[in-house]
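Reading the structure
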Amino acid sequence: MCKVYAFILLLAVFVVAESHGYKGKRKGGKGGKGSHHYFNVSENALFTWEQAEGYLECEEFLDVPDFDQATKEKLADNFDERGYFRKQPKPRPLEKCCSDWECAPSLNSTSPGCGFQTRTLYRGNWVTTHLDLTGKDAFSQAIRRIHKYRRGEANSLKEYLGKARPVMRKWYLDANYNITSATMSFYIPSPYQRDPPASLDKDVKVEQWEEVDTYIRAWGGSRDEAGYWPQSGQEFDYLGTALSKVDIKWYPYIRMTGSYVGRKELLLVSKDITVTPIAGKNPDHKFENK
């Protein structure tokens, strides 16, 4: 029961943070490939639900509601190829997300069961700041700090670095599955990966993440659409159930969320992620990942 309450708090904070987030247009630059924030949602019709999510959904997580014919026709896009009704919008396929933006290097592999995608996130350099769990503007405050680093206002090169996906949030839990702290991170675009500029902000640090296997569930749409946000806690419960069915163990004290344009992901990790601040790239920072 305590896990469920922790998950509910986690997603509630995520929803509040996102609802106060940045909605502006994309800029060009070394890390970006387009000129706008949104995407053509009609392209999703070209992909099956399995292709879009990256995995075959478990049948026990789905249902076939007893809708009348008029309702079925109105909600036709929410029925998948097996005839199941989907409460959440179809996600944009990862490969489409990464055709518009640079994405953190990773490798998808065939999952041994239903209900999740397996992805190896390769070692790389990220820029990270903390999320204030007590403030309603946590997301917007955090993203402003990181944008200052990206734009050159708070990095040692005074250069615009561009932008890559995903926007990653980590939620750290204690032994009772209560959230103790949270961070938001951006992958540093490839032209600056080998030698990132130093941070000039004590609340923003440049760090290296070691390679880790992740287990993922995805959903789509935009934040203004009904059904965009998954049920608090339920999606992580589904992910844990799917992993347990095939005897996959995961590290219980980190939860992650990743954001792309048209795609949001929930992630569990195979082990604690080794995070190392890069020497000479950080002032005396005020927060720790723990």
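In this convention, every chain numbers its residues from 1, walking through the sequence in written order. At least 70 in pLDDT is required for a residue's local features to be given in this predicted model, at least 80 for side-chain atom pairs to be given and counted, and no such filter applies to totals for whole chains, interfaces and linings, which use all residues. Each side-chain value is derived from all of the structure's non-hydrogen atoms; neither hydrogens nor water enter the calculation.

Secondary structure follows DSSP: runs of H or I at least 4 residues long count as helices, runs of E at least 2 residues long count as strands, and numbering of each begins at the N terminus. For a helix, the expected span equals 1.5 Å multiplied by the number of residues minus one. For helix α5 (residues 138-151), spanning 14 residues, the distance from its first C-alpha to its last is 20 Å, which sits close to the expected 20 Å at 1.5 Å a residue. When you tally the buried positions in α5, you get 10 out of 14 residues, the bulk of the element. Whether a residue is buried, partly exposed or exposed follows from its accessible area with a 1.4 Å probe, protein chains only, as a fraction of its type maximum: under 20%, in between, or over 50%, in that order. Among the residues making up α5, those that are buried are Ala 138, Phe 139, Ser 140, Ala 142, Ile 143, Arg 145, Ile 146, His 147, Tyr 149 and Arg 150. Directly beyond the C-terminal end of α5, a positive phi value near 105° is found at Gly 152.

A word on the pattern of salt bridges. What makes a salt bridge here is a side-chain nitrogen of Lys or Arg within 4 Å of a carboxyl oxygen of Asp or Glu, nothing more. Tallying each qualifying case throughout the model produces 13 salt bridges. We note a salt bridge from Arg 217 to Glu 57, for which the minimum N-O separation is 2.6 Å. You can see Arg 217 sitting in strand β9 (residues 212-220) and its partner Glu 57 sitting in the loop between α2 (49-53) and α3 (69-74), a full 160 residues away along the chain. For Glu 57, a relative accessible area of 5% gives the class buried. Through salt bridges that share partners, Glu 43, Arg 92, Lys 96 and Asp 100 make up one connected network.

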